[in-house]
Amino acid sequence: MNTVHKVLGLSLVMALAGCATQPQEYAQSHPKFDLKTFFNGPLMAQGVFENRSGKVVNRFVVRMMGTWQGNQGTLVENFTYFDAAGKKTYQQRVWHLTETSTHHFVGSAEGSAGDVKKASGDAFGFALHWSYDVRQPVGKSFYNLHANDWMYMITPDTVMDHTDVTWYGLHAGNIFLEMHKLPDTAANREKVAAIK
């Protein structure tokens with residue numbers, strides 16, 4: 001009986017994996033999500049993290065600044081988190097990005113918001129898929145989490161983001177984020193550079 005259960009379980013896992021959406025399915029859609037164009041210059045984002053029960057346990061604002069030299073890019077993220085009582089905490093993460101082909105890119109990151117040793121992604125049409133493991137600080141502890149991150153370009157200056165977060169294969173929560181590309185002015189660069 002155990003063998004039957006194992007076979008059925010494996011079949012279910014394979015069936016679910018086969019149903020996963022692939023970035024290439026969006027290839028003919030518009031506008032085209034160009035990583036180097038959108039994440040270049042100052043950006044602002046707002047979002048929430050909900051736990052596995054669907055309860056929002058964190059709200060946050062991210063101030064971002066992207067710069068590129070050829071196919072090599074740096075994205076600085078300055079986070080402000082708000083707990084239920086409105087108390088603020090601050091973290092930073094710096095991404096190092098490389099576009100390896102027209103649709104594919106890789107990266108790594110470090111900072112108080114969590115280190116990423118290796119990330120990889122693909123962009124087709126209005127969609128960009130990003131996958132990585134992050135050593136996420138939570139209080140005085142660290143958790144090894146996996147992020148399955150989908151970004152969808154609504155307009156050339158607006159992107160919606162949904163990230164499914166798992167912990168050793170178990171669903172840990174969701175991140176919902178809205179990003180806005182700002183005019184590349186000195187005032188906006190100064191605005192996003194502030195950690196607090």
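Residue positions within a chain follow its written sequence, with the count starting from 1. The predicted nature of this model means local features are confined to residues of pLDDT at least 70 and side-chain atom pairs, given and counted, to a pLDDT of 80 or more, with totals for whole chains, interfaces and linings taken over all residues. Derived side-chain values reflect all non-hydrogen atoms in the structure, with water molecules and hydrogen atoms excluded from consideration.

**Looking at the overall build of the protein chain**
Inference 1: Put simply, DSSP H or I for four residues or longer makes a helix, DSSP E for two residues or longer makes a strand, and each gets a number counted from the N terminus. A tally of regular secondary structure across the protein chain gives 3 helices and 10 strands.
Inference 2: Overall, the protein chain shows an N-to-C arrangement of helices and strands of α-α-β-β-β-β-β-β-β-β-β-β-α.
Inference 3: As defined in this context, the radius of gyration uses C-alpha atoms, and a globule is described by 2.2 Å times the residue total to the power 0.38. The C-alpha radius of gyration of the protein chain comes to 18 Å, within 12% of the 16 Å expected for a compact globule of 196 residues.
Inference 4: Dimensions of the protein chain, computed from the C-alpha atoms along their principal axes, are close to 70 × 45 × 25 Å.
Inference 5: Any two residues whose heavy atoms approach within 4.5 Å are treated as being in contact. Sequence separation of at least 24 residues holds for 39% of the intrachain contacts in the protein chain that already meet a minimum separation of 6.

**Examining the pairing of strand S10 (residues 170–181)**
Inference 1: Two strands are said to pair when DSSP picks up at least two bridges between them. In terms of strand pairing, strand S1 (residues 41–51) meets S10 through 9 bridges, oriented antiparallel. Its bridge partner being in S10, glycine 47 is matched across the sheet by leucine 177.
Inference 2: Relative to S10, strand S9 (residues 158–167) runs antiparallel, the two being bridged by 10 bridges. What sits directly across from valine 159, in S10, is methionine 179.
Inference 3: Hairpin connection, S9 to S10: the antiparallel pair is bridged by 2 residues, and tyrosine 168 has positive phi, about 50°.

**Quick look at the sheet that holds S10**
Inference 1: If you trace the 10 strands once around the closed barrel, you get S1-S2-S3-S4-S5-S6-S7-S8-S9-S10, paired in antiparallel fashion. Averaged over all adjacent pairs, the angle separating strand axes in this sheet is 25°, with direction ignored.
Inference 2: Lines fitted to the C-alpha atoms define the axes, with helices restricted to the stretch that makes contact. Angles between their N-to-C directions range from 0 to 180 degrees. Against the sheet, helix H3 (residues 186–193) makes contact with S1, strand S2 (56–69) and strand S3 (72–82), and its axis sits at roughly 35° relative to S1, the strand it touches most.

**Side note on the nonpolar core**
Inference 1: Only buried residues count toward a nonpolar core, which is a set of Ala, Val, Leu, Ile, Met, Phe, Trp, Tyr and Cys residues joined through side-chain atoms within 4.5 Å. Partly exposed describes any residue whose relative accessible area lies between the buried limit of under 20% and the exposed limit of over 50%, with all areas from a 1.4 Å probe on protein chains only and scaled to the type maximum. Counting residues in hydrophobic clusters, the biggest one holds 33 residues, and the most contacted among them are Phe39, Trp95 and Met179.
Inference 2: Setting aside residues no more than four positions away along its own chain, tryptophan 95 makes contact with Gly73, Thr74, Leu75, Glu77, Ser108, Ala109, Val116, Ala119, Trp130 and Tyr132.
Inference 3: Ranked by size, the runner-up nonpolar core spans 5 residues in total, among them Met44, Val61, Met65 and Val192.

**Brief notes about the confidence of the model for the protein chain**
In regions of low pLDDT, the predicted coordinates are not meant to be interpreted in detail.
Inference 1: Confidence scores labelled pLDDT are given residue by residue by the predictor and lie between 0 and 100. Looking at the protein chain, pLDDT values average 91 and 90% of them are 70 or higher.
Inference 2: Per-element averaging of pLDDT across the protein chain places helix H1 (residues 2–18) at the bottom with 46 and strand S5 (residues 104–110) at the top with 98.
Inference 3: This model gives residues 10–18 a pLDDT under 50, and the stretch forms 0 contacts once residues within four places in sequence are excluded.

**Quick word on the pairing of strand S7 (residues 127–138)**
Inference 1: The pairing of strand S6 (residues 116–124) with S7 spans 6 bridges and is antiparallel. By the bridge assignment, alanine 123 is partnered in S7 with leucine 128.
Inference 2: Between the end of S6 and the start of S7, which pair antiparallel, lie 2 residues, with glycine 125 showing a positive phi angle near 55°.
Inference 3: Here S7 pairs with strand S8 (residues 141–155) via 12 bridges, running antiparallel. In the sheet register, proline 137 faces S8, and the bridge partner there is phenylalanine 142.
Inference 4: Here S7 hands over to S8 after 2 residues, with glycine 139 in that stretch at a positive phi of 65°.

**Focus: the environment of methionine 151**
Inference 1: Topologically, methionine 151 is positioned in strand S8.
Inference 2: Here the alpha-carbon distance between methionine 151 and glutamine 72, two residues 79 residues apart in the chain, equals 20 Å.
Inference 3: Residues in contact with methionine 151, not counting those within four places in the same chain, are Phe33, Phe39, Phe126, Ala127, Leu128, Val159, Met160, Asp161 and Met179.

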